[in-house]
Every structure is written in structure tokens, then in C-alpha cells.
Amino acid sequence: MNLDLTKADKQWFMTPVKKHVSLYKMIEPGDRIAVGLSGGKDSSVLFYILTQLQRQLPFDFELVPLTLTMGFEGVDISPLENYVAALGNELQIKHTLIGKIIFEEREEKNPCSLCANMRRGAMYNFAKALGCNKAALGHHLDDAVETFFMNMIFNGKMGTFQPKTYLDRRDITLIRPMLALEEETITKVVAKKGIPVVTNPCPANKKTKREEMKHLVSSLSKSYPDIRYKFLTAIKTAEFRNFWRPEDYR
């Protein structure tokens, strides 16, 4: 691993993140932020970026890297533990049986929604138990675009997730610092820095509706290379008067 931050890195991926973090007031003095690490590229790059922000922002905040085991056999998370240690922190581990419950006990045919809800619930509970007031998620620009198309195509709704959301039932605030970064950028950061990636053992991996949307966005980007950043501009500047809402005509 080569985790040093270069001047080019700052301009390439740190500056866009810092601008979005500041724009939506994602990180504030005294925050204790849980960072959910799955072993995948997105959450691992998120943790790297946040550790760099600790050195750059003009106030103090804490990071609490945590992970959930899913009950799958043969998963080695030691590379993740070593990576977190290399960045000067200690990985907090919560053992669960979520994977076994969903795939073996319940034998869910469409497991993704239930799995996501169970993992989120377990992560938020763990974060609160560790004294965190915020949780950082590794969603990037591609995720936001894909979620928009999923909502429109499958639910007939227009919208995507927010950069910052307070969950009153959990008393925790979710932040998504990497929404200004394309997935391709994150992939390149992993390669350049030698960040370890733990293989996802989920039986449903790469077989989801989101994967269909990923292919759709990739296909559109071949004809419209800047579609992701056009989306980013559009979602910030959308005007409700351009939509056909019946209540506006009453």
C-alpha cells in the first residue's frame, strides 16, 4: 500500500469531496463518525478520504471504522484490519448471522432489500453503541444516478438519496461524502494506492436490479460521456415548477 496523499491526489479526488462536504455541512466540529467498511472498494476509499480530511479540515472530529460479519464461512477480513491499522485506527467488528438467516433459514428469492435493511439496522445500532452521532456511507455519483433510474423505472418516482439525512428513529445522521466522485475514480484510487478489497461472498452479488441500472448508465455514457456530471448539476438545480404536480394547479 502507498497511502501517501500527493498534490495531484488533492486536486483529483480530495477537492471535489471537500467542496461537497462543506456545501452540505456533512462534517462538523466534535462529530464522532462511524464508517461502515464492507471490504469493498467504495467504503475502503471512503475511509481513506475521511482520514485525509481529518488532517485538512480546520477542526477536530473522530472516525470509528466498523464492519459487520455476515455469517458466511471462509471470509478473511484480516486485510481490512491491516488496512485500517495502516491508517492509524482500529477496526471495530460486530459478528452477525444476517447472511445465514436470509439465504439458509428464510431462503429468500429476492434477498437484497431485506439484507440491506438488516445490515443498516445492525450498523446503526453498533454505531450508536460506540458513541457515534453520524455514519458515513460509501455511495458515489454512479450510485446516485442508478438510484434515480431505479426510482423512475420501477417505482414511477423521481428522486435519489440525500447527501445528508437525519434518522430520528435512530438518532443518527447519515452522510455521503463521495457523491461528487464517479465510480471509475474510486476504482483508480484503489489501484493507485494499493487499497485491499475483500471479495464479496454474497450469493446474490452482481444479480440485482441495481446491476441492471449500472449497465444502463454505462450504456448511456458511451453516447453522453458527461451524463453523470450533468445529473449532478440537474439534481442541485431542479425546479418544481417544471414538473406536473396537480397540487400546483389547485
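See above for the structure.
This section reports on the structure supplied with the text. (Residues numbered from 1 in each chain as written. Predicted model: local features only at pLDDT ≥ 70, side-chain atom pairs only at ≥ 80, totals over all residues. Heavy atoms only, no water.)

Quick notes on the overall build of the protein
Here's step 1: What the protein contains, in helices and strands, is nine helices and six strands.
Here's step 2: Since a compact globule built from 250 residues should have a radius of gyration of about 18 Å, the 19 Å found for the protein is in line with a globular shape.
Here's step 3: Every one of the 250 residues in the protein was classed for burial, and the buried ones make up 42%.
Here's step 4: Only carbon and sulfur atoms are counted for the fraction: they give 51% of the accessible area of the protein, which is about 14,200 Å².
Here's step 5: Taking the 36 positively charged and 29 negatively charged side chains of the protein as two groups, their mean positions are separated by 4 Å. (Helix = DSSP H or I, 4+ residues; strand = E, 2+ residues; numbered from the N terminus. Rg over C-alpha atoms; globule rule 2.2 N^0.38 Å. Buried < 20%, exposed > 50% of the residue type's maximum accessible area, 1.4 Å probe, protein only. Areas by Shrake-Rupley, 256 points an atom, 1.4 Å probe, with all protein chains shown as cover. Lys, Arg positive; Asp, Glu negative; His and termini not counted. Charge placed at Lys NZ, Arg CZ, Asp CG, Glu CD.)

So, the side chain of D9
Here's step 1: Looking at where D9 falls in the secondary structure, it is placed in helix α1 (residues 7-23).
Here's step 2: In this structure D9 touches D4, M14, K192 and K193, once residues within four positions along its chain are discounted. (Contact = heavy atoms within 4.5 Å.)

Remarks on the side chain of D42
Here's step 1: Its place among the elements puts D42 in helix α2 (residues 41-56).
Here's step 2: There is a polar contact of 3.4 Å between the side chain of D42 and the side chain of H140. (Polar contact = N/O pair within 3.5 Å; in protein donor to acceptor, adjacent residues only side chain to side chain.)

Notes on the pairing of strand β2 (residues 62-69)
Here's step 1: Burial analysis of β2 places seven of its eight residues in the buried class, which makes it a mostly covered element.
Here's step 2: Sheet topology note: the strand β1 (residues 32-36)/β2 ladder contains five bridges and is parallel. Its bridge partner lying in β2, I33 is registered against L63.
Here's step 3: The β-α-β motif built from β1, the intervening α2 and the parallel element β2 has right-handed crossover chirality.
Here's step 4: Relative to strand β3 (residues 92-95), β2 runs parallel, the two sharing four bridges. (Pairing = 2+ DSSP bridges. Right-handed = clockwise from strand over helix to strand, strands pointing away.)

Thoughts on the packing of aromatic side chains
Here's step 1: Counted according to the given criterion, the structure contains six aromatic pairs.
Here's step 2: Their ring planes at 75° and their centres at 5.2 Å tell us that W12 and F13 sit as a pair that is edge-to-face.
Here's step 3: Note on W12: relative accessible area 32%, which makes it partly exposed.
Here's step 4: Seen in terms of ring centroids, F47 and Y83 are 6.4 Å apart; in terms of plane orientation they differ by 75°. Their pairing is edge-to-face. Pair noted here: F47 is in helix α2 and Y83 is in helix α3 (residues 78-86), with a separation of 36 residues, a long-range link.
Here's step 5: For F47, a relative accessible area of 0% gives the class buried.
Here's step 6: By way of ring pairs, the aromatic residues W12, F13 and Y48 are connected into one cluster.
Here's step 7: Here R176 stacks its cationic end above the ring of F161, 4.5 Å away from the centre of that ring. (Phe/Tyr/Trp six-rings, centres within 6.5 Å; stacked < 30°, edge-to-face > 60°. Lys NZ or Arg CZ within 6 Å of the ring centre and 35° of its normal.)

Some remarks on helix α8 (residues 209-223)
Here's step 1: Its 15 residues give α8 an end-to-end C-alpha distance of 22 Å, which sits within 8% of 21 Å, the value for a rise of 1.5 Å per residue.
Here's step 2: Here α8 has its buried residues at E211, M213, V217 and S221. Viewed along the axis of α8, the buried residues span an arc of 155°, placing them on a single side of the element. Every exposed residue of α8 that faces more than 90 degrees away from the buried side is listed here: H215, K222 and S223.
Here's step 3: As for α8, its buried residues are in contact with α6 (141-155) and α9 (227-237). (Expected span 1.5 Å × (residues − 1). Arc of directions from axis to C-beta.)

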